[in-house]
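Summary of the model geometry
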Amino acid sequence: MAKPSKPAEASLFGELEAPKPPPRRGADPSLPRVLVALSKPLPEPFTYAVPLALAAAARPGTRVLVPFGPHREVGVVVGTAEGGGEGAGKLREVLAVLDEEPIVDAPLLELARWIGEEYACSWGEALAAILPAPLKRAKGSKRTLRVSAAGAVEPDVLAELEQRAPAQHRLLRTLLEIDGEVELRVLERKLDVTSQVARALAAKGLCKLRSAEVESFPEVEPGERRRRPEQLSEGQTFAVDMVHLALRGKKSKSFLLQGVTGSGKTEVYLVAIERALALGRTAIVLVPEIALTPQTVGWFRSRFDDVAVLHSGMSDAQRLAMWKRVRRGEARVVVGARSAIFAPLVNLGVIVVDEEHEPSFKQGQAPRYHARDVALARARLENAVCILGSATPSLETWVAAKGGQHGLLVLDKRVGEGRMPRVEVVDLRAEPGGPGALFSRPLRQRLTDTLGRGEQAILFLNRRGHTPVLWCGACKSVVRCERCDAPMTLHRRISRILCHLCASELPVPKDCPMCTAPGLGLLGAGSERVEGVLAKLFPNARLKRMDSDTMHRREDYESTLAAFGRGEIDVLVGTQMIAKGLDFPRVTLVGIVDADTSLHLADFRAAERTFQLISQVAGRAGRAELEGHIVVQTSSPEHPAIRAAARHDFEAFASAEVLLRKELGYPPSGRVLRAVFEDEDEGKAAQAADRVAQELRAGLQAAEGCAAAVVLGPAQAPIAKLRGRHRHHLLVKAPASGPAFPTARTLLQSLVAKLGSRPRALIDVDPVGLL
């Protein structure tokens, strides 16, 4: 076999110094050809000629370096091409083969092709999601840049930066809050700053920059080990037996494991994986990123020695090191968030998707895949068993299980005959202070009782900051972000107003920016305000807030949960990051401060999201011998989602919601396509949306069997402006079966491709959010 032109080990770490593209000239027509998928939004792979010295090495699944325009790109060989034909002498040649052996095996190649077709992207874009970032570059680094504050900073220095260099002020203020070293890339993404901002601060002596060697395996530190139960419950035993039967059959099979919170779904996962490993097979466990806690990791490490963990806190080089470890067979169980579905395991036996209903399993950028559906597809390709677990499954999964597409396994009781927590719904309209009341009388009393017994409580509000809206009583306007169609949120601790969409921030205005009237009203509450009011009500309680304003590093998150588990925190206040993956036996009270935050969004899934969130947060209480209590504060106590969640009645809610969706043609009764058009010039975005909508309607009317497809819009998107770009969107509803949906997807993809680079247009297949 021909050797690659550079050592494979070096290329795996991205250290390749590749040759520059040769001048444009036609290749020898007699040379063999390969199809190369590039990470470009282009419909088909490109054909390249292969020099004879590289021909044996350029096999499907290997990476190659190829000329593309005036640049060189790393692509993946996906097949061979026929020789001869028109234009045969105009082909360009492969410059280098970067791998000794294929690094994408046949099932993953086929999975990437399926993703490209299913989610209206290219094969190359799908492969880019599968490979670690260093393998997509011709040159990379195994070092990372870390940053910390140089020391205490005088107030006048901060004030000057605030006036002259807002981005530097934002970064330095955050570094002073962290009081430690952090990887710069984490803050670049979070604060919308560049490395140049940090270098400017370093030049002034205000921060320290350090280039550090990346640790190979910075895995989540394991939490407590999970005790193996003496025996499984009847429901758990049946579920494990069904999975084992499917594993022995060596045919693809999927299950919905629907179990109330605390019913022992994790134990079913663990035993199912044990059975798979005993048969010589491997396993992937997907969990939402916010649920990937030390406690969760500890549960899997308590049973298995060869566990690899993948999470967003890892650098590119760390992900590559872990990927190589898995590929060498040194880890047979992979636990991670969405992208862990692409782990290069061989002989895959079990794929677990825990909390399968979670919207975070949907990728936000191309390829906009849903990890749950990709898991099902990979299980089909590799004859594996896929377990979809949830207490509140998505309606799509629930209907599919009821229809026989998935086996339905139900755990309807908590382990050890534990009781479901009691739920008390409080109508804020009847409370002193009305809907603006932050703590109702029942919640205050429950907190007093819980703290008096030495037990713990969790208070949940899925909104960070102090006050979400600053309102002028004179002109009735709201202080809004200049770059986004969104209100600015007051963060009182840092005396700034922030846009939670683009990270812009300003000093807190004293007067209305629109009419200059003095004084602004504060409407609503965020987690920062909840913490402040709670500290005044219970001055002796030990409080901690968990949201993205306080948890800058993964270490912060992990240390806070560890302290809570040791009983060093009495009340944990937080946003969605405290809603998943927590199991603390002394938590007996959960207060949902405002259950309406997601209920009235412009999204057909708003009621479903609200039901799921209440149920999941409520499931944190009473998970051991102590009885749990839930207080749900709302201004809509009569809403079906809230009433059903209070009764722990998923079946009633789902049945009614499915009927409503069927009348409207929304999933699970149909499928949805969304196209969003963005441009700094609103006219261009609107015109492009209009043109695509008209041509799409005409194309569907002319196509056979597509009469049931409906094009809605175009119209302004609910978030009409984002980071300076105006946004218009359209929706397509079509039956889940038949030719209408795939035809609409293909038509939309071709129409969007004709637009070019402006306006920017994106396609989202089966979107989980419509904002």
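Figured I'd write up the structure that's included with this text.

Calculation rules
Residues numbered from 1 in each chain as written. Predicted model: local features only at pLDDT ≥ 70, side-chain atom pairs only at ≥ 80, totals over all residues. Heavy atoms only, no water. Helix = DSSP H or I, 4+ residues; strand = E, 2+ residues; numbered from the N terminus. Buried < 20%, exposed > 50% of the residue type's maximum accessible area, 1.4 Å probe, protein only. Contact = heavy atoms within 4.5 Å. Areas by Shrake-Rupley, 256 points an atom, 1.4 Å probe, with all protein chains shown as cover. Pairing = 2+ DSSP bridges. Right-handed = clockwise from strand over helix to strand, strands pointing away. Salt bridge = Lys/Arg side-chain N within 4 Å of Asp/Glu carboxyl O. Axes fitted to C-alpha atoms, helices over the stretch in contact; angles between N-to-C directions. Parallel < 35°, antiparallel > 145°, perpendicular 65-115°, else oblique. Nonpolar A, V, L, I, M, F, W, Y, C, P; charged D, E, K, R; others polar. Disulfide = S-S within 2.5 Å. Arc of directions from axis to C-beta. Core = buried A, V, L, I, M, F, W, Y, C linked by side-chain atoms within 4.5 Å. Phe/Tyr/Trp six-rings, centres within 6.5 Å; stacked < 30°, edge-to-face > 60°.

Details of the overall build of the protein chain
Within the protein chain, the regular secondary structure consists of 22 helices and 30 strands. For the protein chain, the spread of C-alpha atoms along the principal axes amounts to about 85 × 65 × 60 Å. By residue count, 54% of the 771 residues in the protein chain fall in the buried class. Within the protein chain, contacts between residues separated by at least 24 positions form 76% of all contacts whose residues are at least 6 apart in sequence. Only carbon and sulfur atoms are counted for the fraction: they give 51% of the accessible area of the protein chain, which is about 32,600 Å².

Some remarks on the pairing of strand E13 (residues 348–354)
Taking burial as the measure, the seven residues of E13 include seven buried ones, the bulk of the element. By the bridge criterion, five bridges tie E13 to strand E14 (residues 385–390) in an arrangement that is parallel. Within the sheet, the bridge partner assigned to Asp 354 lies in E14 and is Gly 389. For the segment spanning E13, helix H13 (residues 371–381) and E14, crossover handedness is right-handed.

Describing the pattern of salt bridges
The full count for this structure, using the stated rule, is 49 salt bridges. Among the salt bridges present, the one from Glu 177 reaches Arg 493, with a minimum N-O distance of 3.5 Å. Here Glu 177, found in helix H6 (residues 166–178), pairs with Arg 493, found in the loop between strand E19 (489–491) and strand E20 (496–498); they are 316 residues apart in sequence, far enough to count as distant. Overall, the relative accessible area of 47% leaves Arg 493 in the partly exposed class. Taken together, the shared-partner salt bridges connect Glu 162, Arg 173, Glu 177, Arg 493, Arg 496 and Glu 505 into one network.

Details of the sheet that holds strand E25 (residues 587–592)
Strand order in this open sheet of six strands is E16-E26-E25-E17-E24-E23, and the pairing throughout is parallel. Edge positions in the open sheet fall to strand E16 (422–427) and strand E23 (543–546), since each of these has one partner strand only. Averaged over all adjacent pairs, the angle separating strand axes in this sheet is 15 degrees, with direction ignored. Two strands pair when backbone bridges link them, and strand E17 (residues 456–460) and strand E24 (residues 571–574) are joined in this way by four bridges, in the parallel orientation.

Brief notes about the environment of Ala 246
Counting through the fold element by element, Ala 246 comes out in helix H9 (residues 234–249). Sequence-wise, Ala 246 and Ala 291 are 45 residues apart; in three dimensions their C-alpha atoms are separated by 28 Å. Filtering out sequence-adjacent residues up to four positions away, Ala 246 remains in contact with Lys 251, Lys 253, Phe 255 and Val 385.

Quick look at unusual backbone geometry
Cis rather than trans, the peptide bond between Gly 713 and Pro 714 has omega equal to 15 degrees. In this fold, Pro 714 is placed in strand E28 (residues 710–722). Residue Arg 758 is joined to Pro 759 through a cis peptide bond whose omega torsion reads -5 degrees. Here Pro 759 lies in the loop between helix H22 (740–753) and strand E30 (760–765). Unusually for a residue other than glycine, Lys 250 sits at a positive phi of about 55 degrees.

Section: the sheet that holds strand E12 (residues 333–336)
Across the sheet, which stays open at both edges, the seven strands sit in the order E11-E12-E10-E13-E14-E9-E15 with parallel pairing between neighbours. Only two strands of the sheet have a single partner each, and these edge strands are strand E11 (307–310) and strand E15 (407–411). Neighbour-to-neighbour, the strand axes of this sheet turn through a mean angle of 15 degrees, independent of strand direction. Pairing geometry for strand E10 (residues 282–286) and E13, over five bridges, is parallel. Looking across to E13, one finds that Ala 283 is bridged to Val 350. Relative to the sheet, H13 contacts strand E9 (253–259), E10, E13 and E14, its axis offset from that of E13 by approximately 165 degrees.

Examining the packing of helix H5 (residues 155–164) against H6
Packing of H5 against H6 brings their axes to within 6 Å, and their N-to-C directions diverge by 140 degrees. Taken together, H5 and H6 sit at an angle that is classed as oblique. Facing Leu 158, Leu 161, Glu 162 and Arg 164 of H5, the residues of H6 in contact are Pro 166, Gln 168, His 169, Leu 172 and Leu 176. In terms of residue class, the contact of H5 with H6 is built from five nonpolar, two polar and two charged.

Description of the state of the cysteines
Among covalent bonds in proteins, the disulfide is the one between the sulfur atoms of two cysteines. For the structure shown, the criterion picks out zero disulfides. Free of any disulfide, Cys 481 has its nearest neighbouring cysteine sulfur in Cys 499, separated by 3.7 Å.

Focus on helix H8 (residues 195–203)
Within the span of H8, buried status applies to Val 197, Ala 198 and Leu 201. Looking straight down H8, one finds its buried side chains confined to an arc of 95 degrees; they lie on one side. Of the exposed residues in H8, those oriented more than 90 degrees away from the buried face are Gln 196 and Ala 203. Following H8 by one or two positions, Gly 205 has its phi on the positive side, about 75 degrees.

Topic: the nonpolar core
General note: in soluble globular proteins, nonpolar side chains tend to be found buried as a group. Ile 115, Leu 127 and Ile 351 are the most contacted members of the largest nonpolar core, which totals 74 residues. Apart from the residues lying within four places of it in its own chain, the contact partners of Ile 351 are Ile 284, Ile 341, Ala 375, Arg 378, Ala 379, Val 385, Cys 386 and Ile 387. Core analysis: the second largest hydrophobic core is formed by 39 residues, Tyr 557, Ala 595, Val 632 and Ala 644 among them.

Quick look at the packing of aromatic side chains
This structure, assessed with the given rule, holds eight aromatic pairs. When the ring of Phe 604 is compared with that of Tyr 666, the centres are 4.4 Å apart and the planes differ by 10 degrees; the resulting orientation is stacked. A residue pair is termed long-range when its members are at least 10 positions apart, and Phe 604 in the loop between E25 and helix H18 (606–618) and Tyr 666 in the loop between helix H20 (650–664) and strand E27 (670–679) qualify at 62 residues. Measuring from ring centre to ring centre gives 4.7 Å for Phe 611 and Phe 653, while their planes differ by 0 degrees; the resulting arrangement is stacked. Linking Phe 611 in helix H18 with Phe 653 in helix H20, this pair joins segments that are 42 residues apart in sequence. With a relative accessible area of 1%, Phe 611 lands in the buried category. Exposure remark for Phe 653: the relative accessible area of 5% places this residue in the buried category. Through a chain of ring-to-ring contacts, the aromatic side chains of Trp 398, Phe 611, Phe 650 and Phe 653 assemble into a single cluster.

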